[in-house]
Amino acid sequence: MARSLNIPTAFDTDVNGAAVGEHAWGAGQDIDNLLYLSVGTGFGGGAIVGGVPVHGLVHPEMGHLILPRAEGDDFKGHCPFHGPCLEGMASGPAIKARWGIPAESLLPDHIAWEFEAHYLSLAVTNLILTLSPERVIMGGGVMQQEHLFPAIRSRVQSHLNGYVQAYAVLHDIDRYIVPPGLGNNAGVLGAMGLAFSL
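About the criteria used
- Residues numbered from 1 in each chain as written.
- Predicted model: local features only at pLDDT ≥ 70, side-chain atom pairs only at ≥ 80, totals over all residues.
- Heavy atoms only, no water.
- Helix = DSSP H or I, 4+ residues; strand = E, 2+ residues; numbered from the N terminus.
- Rg over C-alpha atoms; globule rule 2.2 N^0.38 Å.
- Buried < 20%, exposed > 50% of the residue type's maximum accessible area, 1.4 Å probe, protein only.
- Contact = heavy atoms within 4.5 Å.
- Pairing = 2+ DSSP bridges.
- Axes fitted to C-alpha atoms, helices over the stretch in contact; angles between N-to-C directions.
- Salt bridge = Lys/Arg side-chain N within 4 Å of Asp/Glu carboxyl O.

Caption draft 1: Geometry of the overall build of the protein chain. Scanning the protein chain for helices and strands turns up 8 helices and 5 strands. A compact globule built from 198 residues should have a C-alpha radius of gyration of about 16 Å, and the protein chain, at 17 Å, falls within 12% of that. Across its three principal directions, the C-alpha atoms of the protein chain cover 55 × 40 × 30 Å. Taking all 198 residues of the protein chain together, the buried fraction comes to 46%. When contacts within the protein chain are restricted to residue pairs at least 6 apart in sequence, those whose partners lie at least 24 apart make up 63%.

Caption draft 2: Spatial organisation of the environment of Gly72. With respect to the helices and strands, the residue Gly72 is situated in the loop between β3 (52-53) and α3 (86-90). Take Gly72: its relative accessible area is 68%, and that puts it in the exposed class. Sequence separation between Gly72 and Ala24 is 48 residues; the distance between their C-alpha atoms is 42 Å.

Caption draft 3: Structural view of the pairing of strand β4 (residues 135-139). When you tally the buried positions in β4, you get 5 out of 5 residues, the bulk of the element. The alternating pattern of β4 places Arg135, Ile137 and Gly139 on one face and Val136 and Met138 on the opposite face, and all of these are buried. In this sheet, β4 lies alongside strand β1 (residues 34-39) in parallel orientation, the contact comprising 5 bridges. Counted as the bridge partner of Ser38 is Gly139 from β4. Of the strand pairs in this sheet, β4 and strand β5 (residues 177-178) are connected by 2 bridges, and their pairing is parallel. Note that in β5 the partner of Val136 across the bridge is Ile177.

Caption draft 4: Region of interest: the side chain of Ser121. Within the secondary structure, Ser121 is located in helix α5 (residues 112-131). For Ser121, a relative accessible area of 0% translates into the label buried. Contact partners of Ser121, with chain neighbours within four places excluded, come to Ile152, Arg155, Val156 and His159.

Caption draft 5: Focus on the sheet that holds β1. In spatial order, the strands read β3-β2-β1-β4-β5; together these 5 strands make up an open sheet with mixed pairing. At either end of the open sheet lies a strand with only one pairing partner, and these are β3 and β5. Those strands touched by α5 are β1, β2 (43-49), β4 and β5, and its axis lies near 155° from that of β1.

Caption draft 6: Region of interest: the pattern of salt bridges. Taken as a whole, this structure holds 5 salt bridges when the rule is applied. Residue Arg153 is joined to Asp174 by a salt bridge in which the shortest nitrogen-to-oxygen separation is 3.8 Å. Of this pair, Arg153 sits in helix α6 (residues 148-160) while Asp174 sits in the loop between α7 (167-170) and β5; the two residues are 21 residues apart in sequence, bridging distant segments of the chain. Residue classification places Arg153 among the buried residues on the basis of a relative accessible area of 11%.

Right, here's the structure in full:
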């Protein structure tokens, strides 16, 4: 592509782009290992390890983790590939398919948020154990519900049960699992960051 356009060219996923943006100018600019999760029209994750985005056989598909169901949850899931995977249970379209209204229309005390906190906290716990990020940044439309953050943080601590002996997890969780510093501009600014890296 770069040869045919005669200019340096870079491609990456939207969530890796957001992770790059947050690393350069947002909530992760003081660290070199972070996780960015986007919970919105889908569910995606981007990781920065050693200051660079993680790639592999294909791009990481964190949104399709298979997680234990919440007690009493019989929703079939909304993912056309996996049914009740993380995206199929916790993305914006999954919330609308399950409850008949979009996430932003649900009241903070709706049972939907208990299910959401269950799946998101399990995902974050598994990814902490897998990638050992120095910070977890959670963005996207669903994460605009600020009451989700305390529920996710407390459940992550409970799931980890003291196993990860890091001050950030044990005593500073409010600054460990955070919203994006760049808000909804993380992806766009991340694309600029990719361009600057060429």
